[in-house]
Amino acid sequence: ACVLYTWRWFAAHADNLLARALRWTREHPHLGRYAAALIDPNRPESPSLVMLAVCLLAISWAWFTLLASLLASGGPLAIDHQVHDFMWSLRNPLADRLMAALAAHGDAAVLAPAAAVPLAYLLWRRRWMAASHWVAALVFGLALTSLLEQAIDMPRPPTAPAGFGFPSVAVTMSTIVFGFFAVLIARELPGRTRVWPYLLAGVVTTLLGFARLYLGAHWPSDLVGGTLFGILWLLMLGIAYRRHVARSFWMRPLAILFYGTFTLAALWHAPRSADALLAKFEAAAPTMVLDPEQWWQRDWAKLPDQRNESDIRRRWPLDVQVAGPLEPLRARLVAQGWRVQSQADWVATVGLLDDDTPAHEQPVLPATLDAHAETLVLLHDGQTQDEQYALRLWQAPAVLHDGTPLWLGSTQTLRLSRPLEVAALWLPERDDGHAHAMVKAVLGDFESREAPHPSSGTPVLRLRTSTVRSSRK
């Protein structure tokens with residue numbers, strides 16, 4: 001929207017801007033002669049040059065304002081932390097792999113072929129000026145970005161491994177590659193169709209930046225700074241290119257080569273790198289270490305009593321705590337009629353649109369706790385076809401010092417909902433502890449205790465799966 005409406009505004013006001021600029025050049029002959037060379041109306045691309053020049057001034061101001069703010073604060077801004085925490089709370093297994101694939105579009109394995117093939121075509125067609133500007137855009141853009149990354153010591157987000165700094169190299173180079181290619185071909189397109197290369201550049205850069213922000217790879221200021229720097233550099237180079245190139249040539253083969261190569265490289269690289277990239281941004285391991293006996297007696301109350309969601313409807317109570325392996329618990333519940341559901345993927349999610357699928361065959365969508373998906377989901381048929389009971393278990397944000405794993409669980413009564421009669425969704429509803437009582441009754445063989453959580457009063461069932469009561473053997 002920003003690209004489109006900015007373009008339309010400039011297209012509607014270009015003539016007026018040119019007239020004002022020409023009057024200024026006549027009133028200021030010393031400086032005006034340089035501006036006159038830039039906005040000469042005898043050149044057909046003068047309106048585009050004015051757009052580039054105005055954008056250059058605006059982006060330069062925004063870039064140096066951001067840079068001064070970061071240097072003055074000595075680190076990430078307050079809004080960086082707020083946006084990072086909000087994006088981290090959005091983590092979900094259904095989106096993780098998709099976002100990792102989108103983030104991989106900025107890797108060298110995708111951008112390098114997309115840049116090399118058009119360069120080879122320009123050299124083959126002997127378009128030396130276009131080829132030299134294309135090389136300058138890439139080489140100097142990468143060099144200046146690396147220099148800034150070394151000069152500005154910006155602390156990385158806590159979720160980002162080494163190699164992710166300020167400004168974002170992937171976002172900066174994507175901005176330069178797609179932005180300057182738009183400068184190359186837009187001058188050869190007729191009328192309003194000139195906006196399309198810029199729109200594509202904006203869409204690709206935005207998707208890439210959002211995906212990396214979602215994964216926690218960068219602060220928002222890294223992405224904004226990288227984008228502004230990329231635009232600043234391509235505007236400078238774009239003005240130089242437009243001033244020195246007057247010879248037109250057929251751009252359709254060049255556009256097909258660039259966008260086609262980028263698409264093929266992205267389709268080949270993204271699925272192969274998504275899992276490895278996602279592994280770098282897994283949620284941090286638990287840092288709280290508890291004594292086993294102290295946890296059993298009172299430290300269980302240090303663990304959260306509900307999910308940390310901004311939406312109050314999704315702050316499900318965490319009314320089960322388990323110490324030990326989950327296999328004995330799983331086997332016991334399965335023996336009593338519960339069934340294990342594997343984590344739903346996109347294929348299963350699309351299947352929610354199928355009206356012919358029986359209700360109990362529709363998957364329960366995954367949920368996260370501290371960016372971790374459920375380790376185990378168990379379901380049991382309810383009293384009606386549109387009802388079932390669930391036990392979700394996540395890795396707890398703590399471990400016992402003897403190495404015993406801890407798990408947090410939520411018992412739920414699920415009701416089948418059909419919003420707008422389009423899809424079938426299993427959603428939790430208030431059940432006055434019925435699902436909790438069912439789980440407690442089935443798992444009575446294990447050593448257990450129950451007490452209300454001091455923060456909310458919610459009854460919390462504590463289990464040790466490695467210990468079975470002798471009276472129930």
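For the structure itself, consult the block above.
Residues numbered from 1 in each chain as written. Predicted model: local features only at pLDDT ≥ 70, side-chain atom pairs only at ≥ 80, totals over all residues. Heavy atoms only, no water.

**Observations regarding the pairing of strand β2 (residues 320-323)**
- Neither face of β2 is left uncovered, since the one carrying V320 and V322 and the one carrying Q321 and A323 both have all their residues buried.
- With four bridges connecting them, β2 and strand β8 (residues 405-417) associate as antiparallel partners. Within the sheet, the bridge partner assigned to A323 lies in β8 and is L406. (Buried < 20%, exposed > 50% of the residue type's maximum accessible area, 1.4 Å probe, protein only. Helix = DSSP H or I, 4+ residues; strand = E, 2+ residues; numbered from the N terminus. Pairing = 2+ DSSP bridges.)

**Some remarks on the pattern of salt bridges**
- Here the structure, examined in full by the defined rule, presents 13 salt bridges.
- Across the pair D96 and R91 runs a salt bridge, and its minimum N-O distance is 3.0 Å.
- Residue E374 is joined to R392 by a salt bridge in which the shortest nitrogen-to-oxygen separation is 2.5 Å. A residue pair is termed long-range when its members are at least 10 positions apart, and E374 in the loop between β5 (372-373) and β6 (376-381) and R392 in strand β7 (residues 387-400) qualify at 18 residues.
- Here the salt bridges do not stand alone but share partners, grouping E293, E447 and R464 into one network. (Salt bridge = Lys/Arg side-chain N within 4 Å of Asp/Glu carboxyl O.)

**A look at the nonpolar core**
- In this structure, W134, F178, F180, F181, L184, I185 and F258 are the most contacted members of the largest nonpolar core, which totals 39 residues.
- Broken down by secondary-structure element, the contributors of at least two residues to this core are α6 (108-124), α7 (128-151), α8 (169-186), α9 (195-215), α10 (220-244) and α11 (252-280).
- Take this core: its biggest share by element is 11 residues, from α8.
- Those residues within four positions of I185 in sequence are excluded, and the remaining contacts are P197, M251, L254, A255 and Y259.
- Of all hydrophobic cores here, the second largest spans 22 residues; its members include M87, L102, L213 and L278. (Core = buried A, V, L, I, M, F, W, Y, C linked by side-chain atoms within 4.5 Å. Contact = heavy atoms within 4.5 Å.)

**Digging into the layout of surface pockets**
- Empty space within the second largest pocket amounts to approximately 860 Å³.
- If you list the elements that add at least two residues to the lining of the second largest pocket, you get β8, β9 (425-429) and α15 (434-442).
- For the lining of the second largest pocket, the leading source of residues is β9, giving five residues.
- Counted by class, the lining of the second largest pocket contains 13 nonpolar, eight polar and 10 charged residues. (1 Å grid on protein atoms, 1.4 Å probe; cavity = no way out; pocket = protein on both sides within 12 Å on 5 of 7 lines; lining within 4 Å. Points joined across faces, edges and corners; volume = space filled by probe spheres on them. Nonpolar A, V, L, I, M, F, W, Y, C, P; charged D, E, K, R; others polar.)

**Some thoughts on the pairing of β8**
- With 10 of 13 residues buried, β8 is to be regarded as a mostly interior element.
- Bridge count between β7 and β8: 10 bridges; the pairing is antiparallel. By the bridge assignment, A390 is partnered in β8 with Q412.
- Once β7 ends, the chain turns through four residues before running back antiparallel as β8, passing G403 with a positive phi of about 90 degrees.
- As judged from the five bridges shared by β8 and β9, these two strands associate in the antiparallel manner. By the bridge assignment for β9, L414 is matched with P428.

**A few points about a negative patch on the surface**
- Together, D354, D355, D356 and E421 line one region of the surface with negative charge.
- Following the sequence through the fold, D354 ends up in the loop between α14 (346-350) and β4 (368-369). (Patch = residues over 30% accessible without salt bridge, like charges linked within 9 Å, V, L, I, M, F, W, Y side chains within 5 Å. Areas by Shrake-Rupley, 256 points an atom, 1.4 Å probe, with all protein chains shown as cover. Lys, Arg positive; Asp, Glu negative; His and termini not counted. Charge placed at Lys NZ, Arg CZ, Asp CG, Glu CD.)

**Here's the deal with the packing of α9 against α11**
- Their axes nearest at 15 Å, the elements α9 and α11 cross at an angle of 5 degrees. Looking at the two axes, α9 sits roughly parallel to α11. When α9 is examined against α11, the residues P197, L200, V204 and L215 are found in contact with a partner set consisting of Y259, F262, L277 and L278.
- Across the contact of α9 with α11, the residue classes break down as eight nonpolar, no polar and no charged. (Axes fitted to C-alpha atoms, helices over the stretch in contact; angles between N-to-C directions. Parallel < 35°, antiparallel > 145°, perpendicular 65-115°, else oblique.)

**Remarks on the packing of aromatic side chains**
- Across all of its chains, the model carries 11 aromatic pairs by this definition.
- Measuring from ring centre to ring centre gives 6.0 Å for W134 and F181, while their planes differ by 65 degrees; the resulting arrangement is edge-to-face. With W134 in helix α7 and F181 in helix α8, this residue pair connects regions lying 47 residues apart in the sequence. Accessibility classification places W134 together with F181 in one group, the buried group.
- On the basis of an interplanar angle of 70 degrees and a centroid distance of 5.1 Å, the ring pair of F258 and Y259 is categorised as edge-to-face. The pair F258 / Y259 is uniform in exposure class, with both members buried.
- Taken together, the ring pairs in this structure connect W134, F178, F180, F181, F258, Y259 and F262 into an aromatic cluster.
- For the cation-ring pair, R307 lies above W316, with the distance from its terminal atom to the ring centre recorded as 4.4 Å.
- The positively charged end of R462 is found above the aromatic ring belonging to W296, 5.5 Å away from the centroid. (Phe/Tyr/Trp six-rings, centres within 6.5 Å; stacked < 30°, edge-to-face > 60°. Lys NZ or Arg CZ within 6 Å of the ring centre and 35° of its normal.)

Treat this as a map of the structure, not an account of what it does.
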